[in-house]
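So the chains spell out like this:
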Amino acid sequence: MTAHDAAAAEPAVIETLTAAGVATVYEAAGRRGLIDVDLVQVVPGSRVAGPARTVRCGQGDNRAVHEAMTLVRPGEVLVLTMPEPAPVALIGELLATQAKVAGAAGILVDAAVRDVDELRALGLPVWARWCRVRGATKRERGALDVPVPVGGETVDPGDVVVLDADGAVVVRRTRVDDVVAATRSRLARETGLRSRLAAGEFSYDLHGLRTQDESGGR
């Protein structure tokens, strides 16, 4: 069983991480895995999680993206990178159409996208560093299913990537079970806090901050 199969074999895991979202998963993971860059959420309101299908393109080149489309499996998140992030469009409507037909959950582009109106109409969730029409070449094969650096993190094939309006976080495939358990615990705790806040209590008290002030911060 490959790393992709292992992550995809647990739909309940993906459902939990998708529903929880980036901020909750990041906190539940011990504030680890943040992909710390500004991202454009091309399709507003989208939220996905899935095992990473990683692509390392040549600089300013998207030949590897075309090859990756022949390998995409349902539920995967394509993670498209170059050696140095630059506002060159690695993907547009036609490549995204192939990804959608293959069943990809979404695409994270550490570069640019174009055909933004068409991408929104297509509906496949896409996040990108930039929206630019500058085209890529198709000369370098690049590499597929290799570790890729993105936003201060390294995404390995099969790591679970979570994306929503807050950005992106990566959960190592070796930590998925622990992070999912912590995420479920955090969601239950937040549900309890939410009901108490809605009833008029204050987070200042619920987190014990008033007591800290009264004791001089000790």
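Residues numbered from 1 in each chain as written. Predicted model: local features only at pLDDT ≥ 70, side-chain atom pairs only at ≥ 80, totals over all residues. Heavy atoms only, no water.

Asker: I'd like to hear about the overall build of the protein chain, residue by residue, with values.
Answerer: A count of helices and strands for the protein chain gives eight helices and 12 strands. Overall, the C-alpha framework of the protein chain stretches about 65 × 35 × 30 Å when taken along its three principal axes. Per-residue burial over the protein chain gives 45% buried out of 218 residues. Within the protein chain, counting contacts between residues at least 6 apart in sequence, those at least 24 apart form 72% of the total. Per element, the accessible surface of the protein chain, about 10,700 Å² overall, is 50% carbon and sulfur. Of note, the protein chain has its 26 positive side-chain charges centred 2 Å away from the centre of its 29 negative side-chain charges. (Helix = DSSP H or I, 4+ residues; strand = E, 2+ residues; numbered from the N terminus. Buried < 20%, exposed > 50% of the residue type's maximum accessible area, 1.4 Å probe, protein only. Contact = heavy atoms within 4.5 Å. Areas by Shrake-Rupley, 256 points an atom, 1.4 Å probe, with all protein chains shown as cover. Lys, Arg positive; Asp, Glu negative; His and termini not counted. Charge placed at Lys NZ, Arg CZ, Asp CG, Glu CD.)

Asker: Pulling in residues and values, what's your account of helix H4 (residues 93-102)?
Answerer: All of the buried residues in H4 are Leu95, Ala96 and Ala99. Seen end-on, H4 carries its buried residues on one side only, within an arc spanning 100 degrees. Of the residues in H4, the exposed ones pointing more than 90 degrees away from the buried face are Leu94 and Val101. The first or second residue beyond H4 is glycine 103, which carries a positive phi of 95 degrees. (Arc of directions from axis to C-beta.)

Asker: Lay out the packing of helix H2 (residues 11-28) against helix H6 (residues 176-198) in plain terms, naming residues and giving numbers.
Answerer: Close contact between H2 and H6 brings their axes to 9 Å; oriented N to C, the two are set at 75 degrees. Judged by the inter-axis angle, H2 sits roughly perpendicular to H6. Judged by residue contacts, Ala12, Val13, Thr16, Leu17, Ala20, Thr24, Val25, Glu27 and Ala28 of H2 engage Val176, Val179, Val180, Ala182, Thr183, Arg184, Arg186, Leu187 and Glu190 from H6. Looking at the contact of H2 with H6 residue by residue, the class counts come to 11 nonpolar, three polar and four charged. (Axes fitted to C-alpha atoms, helices over the stretch in contact; angles between N-to-C directions. Parallel < 35°, antiparallel > 145°, perpendicular 65-115°, else oblique. Nonpolar A, V, L, I, M, F, W, Y, C, P; charged D, E, K, R; others polar.)

Asker: Provide a residue-level description of the state of the cysteines, including the pertinent values.
Answerer: A covalent bond between the sulfur atoms of two cysteines is what we call a disulfide. Counted under the stated rule, the structure contains zero disulfides. In this model cysteine 57 remains outside any disulfide bridge; the closest cysteine sulfur is found in cysteine 131, 17 Å from its own. Of the residues examined, cysteine 131 reaches a relative accessible area of 30% and is grouped as partly exposed. (Disulfide = S-S within 2.5 Å.)

Asker: Could you give me a rundown of the side chain of threonine 16, with the residues and numbers involved?
Answerer: Structurally, threonine 16 is set in helix H2. Take threonine 16: its relative accessible area is 13%, and that puts it in the buried class. Every residue in contact with threonine 16, bar those within four places of it in the chain, is listed here: Val180, Thr183 and Arg184.

Asker: Talk me through the UniProt feature "binding site: substrate" (unreviewed entry) in the protein chain; I want residue IDs and the actual numbers.
Answerer: Sites flagged by UniProt as "binding site: substrate" (unreviewed entry) map to Gly92, Glu93, Leu94, Leu95 and Arg114. Across 23 residues in sequence, these annotated residues keep their C-alpha atoms within 10.7 Å of one another, forming a single compact spot. The subset of the named residues that lines the largest pocket consists of Gly92, Glu93, Leu94, Leu95 and Arg114. Position of glycine 92 among the secondary structure elements: in the loop between strand S5 (89-91) and H4. By relative accessible area, glycine 92 is classed as buried at 10%. With residues up to four places along the chain from it excluded, the contact list for glycine 92 reads Arg114, Asp115 and Leu119. Counting through the fold element by element, glutamate 93 comes out in helix H4. Once you skip the residues sitting within four places of it in the chain, glutamate 93 turns out to touch Arg114, Asp115, Glu118, Leu119 and Leu122. (UniProt positions renumbered as here; feature names shortened; annotations may be inferred. 1 Å grid on protein atoms, 1.4 Å probe; cavity = no way out; pocket = protein on both sides within 12 Å on 5 of 7 lines; lining within 4 Å.)

Asker: Quick rundown of the pattern of salt bridges? Include the residues and the values.
Answerer: Considering all chains together, one arrives at 11 salt bridges under this definition. Across the salt bridge formed by aspartate 145 and arginine 53, the nearest N and O atoms sit 2.8 Å from each other. One end of the pair, aspartate 145, is in the loop between strand S8 (143-144) and strand S9 (148-150); the other, arginine 53, is in strand S3 (residues 48-56), and 92 residues separate them in sequence. Given the relative accessible area of 5%, arginine 53 is considered buried. (Salt bridge = Lys/Arg side-chain N within 4 Å of Asp/Glu carboxyl O.)

Asker: Give me the lowdown on the pairing of strand S7 (residues 126-131), citing residues and values where you can.
Answerer: Note that strand S2 (residues 40-41) and S7 share two bridges and pair antiparallel. The partner of valine 40 across the bridge, within S7, is alanine 128. Both strand S6 (residues 106-113) and S7 contribute to a ladder of five bridges, which runs parallel. Bridge pairing in S7 links valine 109 to alanine 128. As a crossover connection, the stretch from S6 through helix H5 (residues 116-122) into S7 is right-handed. (Pairing = 2+ DSSP bridges. Right-handed = clockwise from strand over helix to strand, strands pointing away.)

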